[in-house]
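# Examination of the molecular architecture
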Amino acid sequence: MGGLFMFILLAAVLSSAIAVVWTRHESRVLFVELTRLQNQRDDLNIEYGKLELEQATWAEPRRVDDEARQALGMLNPKPQDIQLVRR
């Protein structure tokens, strides 16, 4: 009877040890994944900042005016071509 108890105790200790090793391995794998995702987040934040700067540059009224004039061939009207419309 004592041998059976020792065998069960040994099996429980080995199972516990294997569970600890597996849990530590999973923890390390998840930590590596977390680090990778944090680096990806940082890279995306940097890219987002660059895109915000680029968007602000493109949205400047003077730049929009210049682009519209070039793309559409727009010109300022001559003073004699301006008509005042009253209601």
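One can find the structure itself at the top, above this paragraph.
Residues numbered from 1 in each chain as written. Predicted model: local features only at pLDDT ≥ 70, side-chain atom pairs only at ≥ 80, totals over all residues. Heavy atoms only, no water.

### A word on the overall build of the chain
Within the chain one finds 2 helices and 0 strands. Relative to the 2.2 N^0.38 estimate, which gives 12 Å for 87 residues, the radius of gyration of the chain is 35 Å and therefore markedly larger than a compact globule would have. With the C-alpha coordinates of the chain rotated into their principal frame, the extents come out at 115 × 30 × 15 Å. Here the chain holds 87 residues, and 0% of them are scored as buried. Accessible surface computed for the chain: about 8600 Å², of which carbon and sulfur atoms make up 64%. Where the 11 positive side-chain charges of the chain centre and where its 12 negative ones centre are 4 Å apart. (Helix = DSSP H or I, 4+ residues; strand = E, 2+ residues; numbered from the N terminus. Rg over C-alpha atoms; globule rule 2.2 N^0.38 Å. Buried < 20%, exposed > 50% of the residue type's maximum accessible area, 1.4 Å probe, protein only. Areas by Shrake-Rupley, 256 points an atom, 1.4 Å probe, with all protein chains shown as cover. Lys, Arg positive; Asp, Glu negative; His and termini not counted. Charge placed at Lys NZ, Arg CZ, Asp CG, Glu CD.)

### Details of the environment of Thr57
Tracing the sequence through the fold places Thr57 in helix H1 (residues 2–58). Put simply, Thr57 and Gly73 are 16 residues apart on the chain and 22 Å apart in space, counted from C-alpha to C-alpha. Of the polar contacts made by the side chain of Thr57, one reaches the backbone oxygen of Leu53; its length is 2.9 Å. (Polar contact = N/O pair within 3.5 Å; in protein donor to acceptor, adjacent residues only side chain to side chain.)

### Re a nonpolar patch on the surface
On the surface, Met1, Leu4, Phe7 and Ile8 cluster together into a nonpolar patch covering about 530 Å² of accessible area. Along the polypeptide, Ile8 turns up in helix H1. (Patch = residues over 30% accessible without salt bridge, like charges linked within 9 Å, V, L, I, M, F, W, Y side chains within 5 Å. Salt bridge = Lys/Arg side-chain N within 4 Å of Asp/Glu carboxyl O.)

### Quick look at the pattern of salt bridges
Overall, the coordinates contain 5 salt bridges when judged by the stated rule. The salt bridge partner of Asp65 is Arg62, with a shortest N-O separation of 3.4 Å. Residue Asp65 and its partner Arg62 are located together in helix H2 (residues 61–72), separated by 3 residues, close to a single helical turn. Sharing partners across several salt bridges, the network here consists of Arg62, Asp65, Asp66 and Arg69.

### Quick word on the packing of aromatic side chains
Any aromatic ring pair is given by two values, namely how distant the centres are and how the planes are angled relative to each other. Taken as a whole and judged by the stated rule, the model has 0 aromatic pairs. Residue placement shows Arg63 over the ring face of Trp58; its charged tip is 4.0 Å from the ring centre. (Phe/Tyr/Trp six-rings, centres within 6.5 Å; stacked < 30°, edge-to-face > 60°. Lys NZ or Arg CZ within 6 Å of the ring centre and 35° of its normal.)

### Observations regarding the environment of Ser16
Note on placement: Ser16 falls in helix H1. When the C-alpha atoms of Ser16 and Asp42 are compared, they prove to be 39 Å apart, with 26 residues separating the residues in sequence.

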